[in-house]
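Structural overview
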Amino acid sequence: MRISELKLGDTIPASSFTLKPDKIKDYLEAVEESSGYFTQWSQGEIAPPIACASLAMASLFKNIEFPEGAVHLSQEITLHKPVKVGQTFFCHASVIRNQVRRDLRIMTMQLEISDEGGEEVLESKTGFILSEPGSKVS
Amino acid sequence: MTLGERQIPLEQIVPDMSLSSLVRIPTQERIDLYARMSGDYNPIHVDANYARETPFGGTIAHGMLVLSYISEMMLSAFGSQWFSTGWFSIRFKSPAQSGKRVKVEGRVRSVERMNGQLKVVCNVACRDEAGDSIIVGEAGVTVDLTATNN
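In short, a report on the structure. Values in this document were obtained by computation on a predicted structure and should not be read as measured data.

1. Some thoughts on the overall build of chain B
- Within chain B, the secondary structure is distributed over five helices and seven strands.
- In sequence order, the secondary structure elements of chain B are arranged as β-β-β-α-α-α-α-α-β-β-β-β.
- Considering chain B as a whole, with its 150 residues, one finds that 47% of them fall into the buried category.
- Summarising the internal contacts of chain B: among those between residues at least 6 apart in sequence, 64% fall at separations of at least 24.
- For chain B, the accessible surface area stands at approximately 6900 Å², while carbon and sulfur atoms represent 47% of it.
- Separation between the mean location of the 15 positive side-chain charges and that of the 16 negative ones in chain B comes to 3 Å.

2. Observations regarding the overall build of chain A
- When helices and strands are tallied, chain A shows two helices and seven strands.
- Ordering the α and β elements of chain A from the N terminus gives β-α-β-α-β-β-β-β-β.
- Based on the C-alpha atoms only, the size of chain A along its principal axes is roughly 50 × 30 × 20 Å.
- Counting the 138 residues in chain A, one finds 46% classified as buried.
- Here chain A has roughly 6600 Å² of accessible surface; of this, 48% comes from carbon and sulfur atoms.
- Computed over 14 positive and 19 negative side-chain charges, the inter-centroid distance for chain A is 8 Å.

3. So, the interface of chain A and chain B
- In this complex, chain A contributes 32 residues to the contact, which on the side of chain B involves 34 residues.
- When chain A packs against chain B, the two sides together hide about 3000 Å² of surface, and 59% of this comes from carbon and sulfur.
- It is A:Glu32, A:Tyr37 and A:Leu79 in chain A that bury the most area against chain B; as a group they hold 21% of the surface buried on that side.
- Our enumeration of links across chain A and chain B arrives at two salt bridges.
- Linking chain A to chain B there are 14 residue pairs in polar contact (both at pLDDT 80 or more).
- Those elements that provide at least two residues to the side of chain A that touches chain B are α1 (21-30), α2 (49-61) and β3 (71-79) of chain A.
- When residues of the side of chain A that touches chain B are assigned to their parent elements, the largest contribution, eight residues, is made by β3(A).
- A per-class count over the side of chain A that touches chain B returns 16 nonpolar, eight polar and eight charged.
- One ladder, built from five bridges, connects β3(A) with strand β4 (residues 87-92) of chain B; its direction is antiparallel. Its bridge partner being in β4(B), A:Ile77 is matched across the sheet by B:Phe88.

4. Structural notes on a positive patch on the surface
- A cluster of basic residues, A:Arg97, A:Arg101, B:Arg91 and B:Lys93, forms a positive patch at the surface.
- Inspection of the secondary structure puts A:Arg101 in strand β5 (residues 88-101).

5. So, unusual backbone geometry
- Unlike most non-glycine residues, A:Arg102 shows phi in positive territory, near 55°.
- Note on placement: A:Arg102 falls in the loop between β5 and β6 (104-114).
- Owing to a relative accessible area of 64%, A:Arg102 belongs among the exposed residues under this scheme.
- Backbone geometry at B:Asn115 places phi at a positive 50°, although glycine is not the residue there.
- The class of B:Asn115 is exposed, set by a relative accessible area of 73%.

6. Section: the environment of B:Pro43
Residues and elements named next belong to chain B.
- Relative to the helices and strands, Pro43 resides in helix α2 (residues 43-46).
- Pro43 sits in the partly exposed class, given a relative accessible area of 29%.
- Put simply, Pro43 and Val23 are 20 residues apart on the chain and 25 Å apart in space, counted from C-alpha to C-alpha.
- Apart from residues lying up to four places away in sequence, Pro43 is in contact with Tyr50, Ala51 and Thr59.

7. Section: the environment of A:Glu33
- Within the fold, A:Glu33 resides in the loop between α1 and β2 (46-47).
- Relative accessible area serves as the criterion here: at 18%, A:Glu33 is assigned to the buried category.
- Along the sequence, A:Glu33 and A:Pro48 sit 15 residues apart, while their C-alpha atoms lie 9.3 Å from each other.
- The contact partners of A:Glu33, leaving out residues within four places of it in the chain, are A:Leu28, A:Phe38, B:Glu72 and B:Leu75.
- Within polar-contact distance, the side chain of A:Glu33 engages the side chain of A:Ser35 at 2.9 Å.

Rules used in this analysis
- Counting restarts for each chain, with residues numbered from 1 along the sequence as it is written.
- To read the labels, note that chains go from A and ligands from 1, taken in the order they are written.
- Predicted model: local features are reported for residues with pLDDT of at least 70 only, side-chain atom pairs are reported and counted for 80 or more only, and whole-chain, interface and lining totals are derived from all residues.
- Values reported for side chains reflect all heavy atoms of the structure, with hydrogen atoms and water molecules removed beforehand.
- Note on conventions: DSSP H or I runs of at least 4 residues are helices, E runs of at least 2 residues are strands, and numbering of each starts at the N terminus.
- Exposure is judged per residue with a 1.4 Å probe applied to protein chains only, and the accessible area is read against the type maximum: over 50% gives exposed, under 20% gives buried, and values in between give partly exposed.
- Residue contacts are defined here by distance: any two heavy atoms, one from each residue, within 4.5 Å place the two residues in contact.
- With residues, only the protein chains shown are counted as cover, and all accessible areas are computed by Shrake-Rupley using a 1.4 Å probe.
- We treat Lys and Arg as the positive residues and Asp and Glu as the negative residues; His and chain ends play no part in the count.
- Where a charge sits is defined by one atom per residue type, namely NZ (Lys), CZ (Arg), CG (Asp) or CD (Glu).
- Two parts placed together each lose some accessible area under a 1.4 Å probe, and the buried area is that loss summed for both.
- Salt bridge, as used here, is a side-chain nitrogen of Lys or Arg placed within 4 Å of a carboxyl oxygen of Asp or Glu.
- Residues adjacent in sequence count toward polar contacts only when both atoms are side-chain atoms; beyond that, a polar contact is any pair of N or O atoms within 3.5 Å, and within protein one must be able to donate a hydrogen and the other to accept it.
- Ten residues, namely Ala, Val, Leu, Ile, Met, Phe, Trp, Tyr, Cys and Pro, are considered nonpolar, four, namely Asp, Glu, Lys and Arg, are considered charged, and the remaining ones, Gly among them, are considered polar.
- The pairing criterion for strands is at least two bridges between them, as found by DSSP.
- Two distance rules govern patches: like charges are joined within 9 Å, and nonpolar side chains (Val, Leu, Ile, Met, Phe, Trp, Tyr) within 5 Å, applied only to residues with over 30% relative accessible area and no salt bridge.

On their own, these measurements won't tell you what the molecule is for.
Here it is as structure tokens:
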């Protein structure tokens, strides 16, 4: 599915992912994490919330084709509950903004991430600018 | 005085206080690790030959990788309650170039005290070596002063 095919109100097929220890280890090293809160990444240890957000986006967007030159414009994240290594999360996303201005499409996707008990752990709004040659002004 | 490393009791937070800043360098090795973690292998992040031909002139870090620096700054300043009450709202202004230093800064903008809680809002930013903005925005947290922070 191309992202430009999505319309306001459309939802992306739900997905799930698990916060695996190797992913957390890679994350901690990649971001040079030094807060002292994530000294262990084994099952049950508290995990970095942005790692959870990143993996949620990856699981939702893996079936979405982004055009070359797509730009990540904005990001809102609200944290509701700590996340832990080894937990599985369920993600839903919908298009909450979809505007075309000249040759650019401005889209915002809202993501909601819940744990196995159905409690929301994190929500996010991701804004993109996509090239849309030949579009009309809306 | 700065907030971070628990230098100042949270109940003494006032507007205009700085958060302890961070300096990070998203090397290509770290960007590659982030790509492996996230599954985002967009060539602009991982392919130097491809990236050289773009307006960026070289590979750039994932936006979420740079955003994670802000999360760490807020976590260090406000403690574990960040995990259940934290939020950000940011805009990406320019890319973080591979191998270039990123400075992460924050400053308390407002503090609302009510019923043993502090609702804190901070201006946050990531800047490149020239001082230009990579990320700008705000982040906030609600701290329950009666809870035990770890």
